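# Geometric and topological summary
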Amino acid sequence: MAPWQQPFVTFYAFLVGAVIGSFLNVVIHRVPRRLSIVRPGSACPGCSQAIRWYDNIPMISWLILRARCRSCGQPISMRDPLVEVAAALMAAAAVHRWGLSVLSIEVVVFSWVSLALALIDLEHQLLPDVMTYPSIAFGLVASWLGGFTTILYSVLGAVVGALLPITVILLYRWLRGEEGMGWGDVKYLAAIGAVVGVRDCVWVLVMAAVAGALVGGVLWASGRGSGKTALPFGTFLAASVIAWLYLPEAWRMAIRMIGQPGY
């Protein structure tokens, strides 16, 4: 790609990402409710009126409509444009950094899926199989084609990514007689391992655990939670893997050095 083409390609990626973000809003709303993401078309959840194409332009329509349905006036969640902006920025950042490559496609597609999973788990405490299982296969195939990690590390990452939470679940059940994590976390962490590889998968898990502990501590200290408050761990995993994928390589290398002999 010629240098003069880079800004145009990046901007085009931003536009495509915004459109995908609009679709992700459909996925986030319908998949946990086991509804088709294809039919019917987008409609207002309040009045069921089909949304016209000019009221469905990513980010822009929400501003023009002043966050309300044109037909019934029901408020439109601010989450919708935020998801669109996030998806657009993910696409633009990946293309700007890695160009049009297997790596950039892998990073942005998995980041889009992770964004949707984060919000689904936050709202429903659920990581749908229809999204996690294909993500494992996607990570393996992308790695084979020359993505974020090698195919060997991808396979090992998927295996270790599944075994780590399974171990936590079994130990927690043995010690306390209840589930410490959901089985959706097992499949999602396997997908994360398939994308980033075995070593980075462990660091993503550590980051998610620290973030979860901090949020849990804040909730407990503020009186809005207790030691038994269920937290959407998939949300923390998603935020951590997205952050890891977009971190500068020098930062990732520095983190990987932690714990190595002689550090």
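Thresholds applied
- Residues numbered from 1 in each chain as written.
- Predicted model: local features only at pLDDT ≥ 70, side-chain atom pairs only at ≥ 80, totals over all residues.
- Heavy atoms only, no water.
- Helix = DSSP H or I, 4+ residues; strand = E, 2+ residues; numbered from the N terminus.
- Rg over C-alpha atoms; globule rule 2.2 N^0.38 Å.
- Buried < 20%, exposed > 50% of the residue type's maximum accessible area, 1.4 Å probe, protein only.
- Contact = heavy atoms within 4.5 Å.
- Areas by Shrake-Rupley, 256 points an atom, 1.4 Å probe, with all protein chains shown as cover.
- Axes fitted to C-alpha atoms, helices over the stretch in contact; angles between N-to-C directions.
- Parallel < 35°, antiparallel > 145°, perpendicular 65-115°, else oblique.
- Left-handed = near helix turned anticlockwise from the far one by under 90°.
- Nonpolar A, V, L, I, M, F, W, Y, C, P; charged D, E, K, R; others polar.
- Core = buried A, V, L, I, M, F, W, Y, C linked by side-chain atoms within 4.5 Å.
- Expected span 1.5 Å × (residues − 1).
- Phe/Tyr/Trp six-rings, centres within 6.5 Å; stacked < 30°, edge-to-face > 60°.
- Salt bridge = Lys/Arg side-chain N within 4 Å of Asp/Glu carboxyl O.
- Patch = residues over 30% accessible without salt bridge, like charges linked within 9 Å, V, L, I, M, F, W, Y side chains within 5 Å.

Across its full length, the chain holds 10 helices and 0 strands. Listing every helix and strand of the chain by position from the N terminus yields α-α-α-α-α-α-α-α-α-α. Against the compact-globule benchmark of 18 Å for 263 residues, the chain has a radius of gyration of 20 Å, which places it among compact chains. Projected onto its principal axes, the C-alpha positions of the chain cover 60 × 55 × 35 Å. The 263 residues of the chain split such that 41% are buried. Within the chain, residue pairs in contact and separated by at least 24 positions form 68% of the contacts whose partners lie at least 6 positions apart. Counting every atom, the chain has about 14500 Å² of accessible surface; 70% of that belongs to carbon and sulfur.

Quick look at the packing of helix H4 (residues 102-124) against helix H9 (residues 233-246) now. Contact geometry of H4 with H9 gives a least axis separation of 8 Å together with a crossing angle of 155°. Overall, the two elements H4 and H9 adopt an arrangement that is roughly antiparallel. For the pair H4 and H9, the sense of crossing is left-handed. Here Val107, Val108, Phe110, Ser111, Ser114, Leu115, Ala118, Asp121 and Leu122 of H4 come into contact with H9, specifically with Phe233, Gly234, Thr235, Ala238, Val241, Ile242, Leu245 and Tyr246. Of the residues that constitute the contact of H4 with H9, the class distribution is 12 nonpolar, 4 polar and 1 charged.

What follows covers the nonpolar core. The biggest cluster of nonpolar side chains holds 51 residues, and the ones touching the most others in it are Phe110, Tyr188, Ile192, Val196, Leu237, Val241 and Leu245. Mapped onto this core, the elements with two or more residues apiece are helix H1 (6-30), helix H3 (79-98), H4, helix H5 (129-144), helix H6 (151-176), helix H7 (183-196), helix H8 (198-221) and H9. The leading source of residues in this core is H4, at 11 residues.

The next thing to look at is H5. In an α-helix, one full turn covers 3.6 residues, which means residues spaced three or four apart are oriented alike. In a regular helix each residue adds 1.5 Å, so 16 residues correspond to 22 Å; H5 covers 23 Å between its end C-alpha atoms and thus fits that length. Just beyond H5, the residue with positive phi is Gly146, at close to 105°.

Looking now at the packing of aromatic side chains. Counting across every chain of the model gives 2 aromatic pairs. Seen from their ring centres, Trp98 and Tyr246 are 6.3 Å apart, and the 45° between their planes marks the pair as tilted. Of this pair, Trp98 sits in helix H3 while Tyr246 is found in helix H9, placing the two residues 148 residues apart along the sequence.

Turning to the pattern of salt bridges, a few remarks are in order. Tallying each qualifying case throughout the model produces 6 salt bridges. As a salt-bridge pair, Arg79 and Glu123 come within 3.2 Å of each other at their nearest N and O atoms. Note that Arg79 is positioned in helix H3 and Glu123 in helix H4, a separation of 44 residues in sequence. You can call Arg79 partly exposed: its relative accessible area is 26%.

Turning to a nonpolar patch on the surface, a few remarks are in order. Taken together, the side chains of Val102, Val141, Trp144, Leu145, Ile151, Leu152, Tyr153, Val155, Leu156, Val159 and Leu163 make up a nonpolar region of the molecular surface, amounting to roughly 1000 Å² of accessible area. Listed by contribution, the elements that provide at least two residues to the nonpolar patch are H5 and H6. For the nonpolar patch, the leading source of residues is H6, giving 7 residues. Assignment of secondary structure puts Leu145 in the loop between H5 and H6.

Next up on the list: unusual backbone geometry. In this structure, Pro40 follows Arg39 across a cis peptide bond, with omega equal to -5°. Non-glycine residue Gln125 carries a positive phi angle of around 55°.

Right, let's talk about the environment of Tyr153 for a bit. Take Tyr153: it is sitting in helix H6. Since its relative accessible area comes to 39%, Tyr153 is described here as partly exposed. Along the chain, Tyr153 and Gly184 lie 31 residues apart, while their C-alpha atoms are 22 Å from each other. Beyond its immediate sequence surroundings of up to four residues, Tyr153 is in contact with Gly193, Gly197 and Val198.

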